[in-house]
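Each chain, letter by letter, is given below.
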Amino acid sequence: MAIDISQTSPAQWRYISEGNVTIVFSYNGPHHPTFTGKALRIRKAPRETQGPHSPFQGDLAAFQQNVLPRLLDPAYLPDLQTVPLQANWVEVLSKQHEPFRPQERRITSKVDCSRRTAVLVTDLIGGLTCAVELKPKWGFLPNCLHLSPETKPIKTQTCRTCMHGHLKRTEGVNAATQYCPLDLFSGSKARLETALGGLWDSWIRFNGSINSLRIFNHGKVVLPDDELTLRAWSRETFSLPTDAPITSIKSSFINSLLLQILRTPLLNRISSLQRSLDSLDCEGLAKLIEISPIFDLTQPTMEDWASFVDTFLSPKHQNHSDFSPTNLRYHSLSYALSATFKDCSLIIPLHSDWADDEHGDNIKVVDLEIKSVENIPRWLKLDQRIVNEYAKLEQTMRKSCIE
Ligand SMILES: [Zn+2]
């Protein structure tokens, strides 16, 4: 039976957060067998004045149901289903909740009221007492096979995320963190402490505006300068006294995440997918494009994705991943899928009794959007800019990121 969202009033939903593609509302009404504990992801549309580029919008539900579970243990994927939307319902929702959206988002985008469907998902943030959202980013150093003599020593020493952070800082983006993903992905307790400590420090320094770490308490974002909420969160989540110094909140935060991250195989799997799907690096892909007669940037259908995954997982994989113009389409899809995993986020629940093993592995992976292959030329240019800027640094100033 189809789910009828108009059984609820738009006022019974609460604005939670948004990315470039979707806005998320959490059900906040009286107990309902279908909607309690659920969130609604609705597509966004650009404001008319903001150029012609609307983000690519694929069929996320089909992608999450048919493609991703073959690559990632479905236990890590939130449940989701497509639900119909009525025009007047979504218009009222959009109007009522517009004031709760951040100003900088409101200038460029709005709820896409022309959409007749949305995605209903498990409410991972509002449904938990405390949830931490981590965006791990690129967890590997590139295959050096196709790197030029100039970029090879740079790209094999400093990871892509650290180099990109440097570019952002030279461009005046303040909230670029010093955090290295290779520490987070390392599986080593000491390095994980460094990664989480670095994220926490950046979170404090930029008052929660970094995109690699967000903290939610009862569905509401916790901000470092909101002392009252911060204290309430640390008391409830870590059983700390209200006057606990910020350093003890930091160490409770690190310790509670540490155990969960150390015992999950998830990070290992994500970095291995990122790496194996990006087997040529941008430079290899650029070379392959150069020698290929056709560079097809048509967005793959769901069947194309399914058939790509068939090949990727098959023992014949090797024939299709050779560096040959006949395989350019394979590598284009592969690179776009790698980008999906490079941009995903983890939702990690935090409990006051975090040392208790019984909680098991409750981490979920979100933001697994389909990336458009049309982005490839832009990604290749960005890669060049990142490495060119980093090359200007003296050798001694370059970071050593260890895999
Ligand atoms: Zn790094």
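Right above here is the structure, for reference.
Keep in mind that this is a model prediction, so the values were computed, not measured.

**Some words on the overall build of the protein chain**
Here comes step 1: Of the regular secondary structure elements, the protein chain holds 15 helices and 11 strands.
Here comes step 2: For the protein chain, the C-alpha radius of gyration of 22 Å lies close to 22 Å, the compact-globule estimate for 403 residues.
Here comes step 3: With respect to the principal axes defined by its C-alpha atoms, the protein chain has extents near 60 × 50 × 45 Å.
Here comes step 4: Looking at the protein chain as a whole, 51% of its 403 residues are labelled buried.
Here comes step 5: Residue pairs at least 24 apart in sequence account for 72% of intrachain contacts in the protein chain once pairs closer than 6 positions are excluded.
Here comes step 6: For the protein chain, the accessible area works out to roughly 18700 Å², and carbon and sulfur atoms hold 53% of it.

**Thoughts on the sheet that holds strand β10 (residues 345-350)**
Here comes step 1: Pairing in this open sheet of 5 strands is antiparallel, and the strands run β9-β8-β7-β10-β11 from one edge to the other. Every interior strand has two partners, whereas the edge strands, β9 (220-221) and β11 (364-366), have only one.
Here comes step 2: Of the strands in this sheet, β7 (130-134), β8 (213-217) and β10 touch helix α8 (residues 227-238), which is tilted by about 80° from β8.

**Thoughts on the coordination of the zinc ion**
Here comes step 1: Binding of the zinc ion to the protein goes through Cys159 (SG), Cys162 (SG), Cys180 (SG) and Cys401 (SG), at separations of 2.3 to 2.4 Å.
Here comes step 2: For the zinc ion, the 4 donor atoms are set out with angles of 103 to 115° between them, so the coordination reads as tetrahedral.
Here comes step 3: When the donor residues of the zinc ion are listed from N- to C-terminus, their spacing reads C-x2-C-x17-C-x220-C. Taken together, the residues span a long stretch of sequence, with Cys159 in the loop between α4 (152-155) and α5 (160-170) and Cys401 in the segment after α15 (376-391) at a distance of 242 residues. Just as Cys159 is buried, Cys401 falls in that class too.

**Digging into the packing of aromatic side chains**
Here comes step 1: Taken as a whole and assessed by the stated rule, the structure comprises 14 aromatic pairs.
Here comes step 2: Judged by centre distance (6.5 Å) and plane angle (85°), the rings of Trp13 and Trp89 are edge-to-face. Here the residue Trp13 occupies a position in strand β1 (residues 13-18), and Trp89 occupies one in helix α2 (residues 87-97), the gap between them amounting to 76 residues.
Here comes step 3: Note on Trp13: relative accessible area 2%, which makes it buried.
Here comes step 4: Pairing Trp200 with Trp233 gives two aromatic rings, centres 6.3 Å apart and planes at 20°, and the pair type is stacked. In this pair, Trp200 is assigned in helix α7 (residues 189-205) and Trp233 in helix α8, connecting sequence segments 33 residues apart.

**A word on the environment of Thr156**
Here comes step 1: Of note, Thr156 is situated in the loop between α4 and α5.
Here comes step 2: Separated by 247 residues in the primary sequence, Thr156 and Glu403 have C-alpha atoms spaced 9.7 Å apart.
Here comes step 3: Here Thr156 is in contact with Leu141, Cys144 and Leu147, once residues within four sequence places are set aside.
Here comes step 4: There is a polar contact of 2.5 Å between the side chain of Thr156 and the backbone oxygen of Lys152.

Rules used throughout
Residues numbered from 1 in each chain as written. Predicted model: local features only at pLDDT ≥ 70, side-chain atom pairs only at ≥ 80, totals over all residues. Heavy atoms only, no water. Helix = DSSP H or I, 4+ residues; strand = E, 2+ residues; numbered from the N terminus. Rg over C-alpha atoms; globule rule 2.2 N^0.38 Å. Buried < 20%, exposed > 50% of the residue type's maximum accessible area, 1.4 Å probe, protein only. Contact = heavy atoms within 4.5 Å. Areas by Shrake-Rupley, 256 points an atom, 1.4 Å probe, with all protein chains shown as cover. Pairing = 2+ DSSP bridges. Axes fitted to C-alpha atoms, helices over the stretch in contact; angles between N-to-C directions. Donors = N, O, S within 2.8 Å, 3.2 Å for Na, K, Ca; no water. Tetrahedral: all angles 85-135°; square planar, octahedral: opposite > 155°, others 65-115°. Phe/Tyr/Trp six-rings, centres within 6.5 Å; stacked < 30°, edge-to-face > 60°. Polar contact = N/O pair within 3.5 Å; in protein donor to acceptor, adjacent residues only side chain to side chain.

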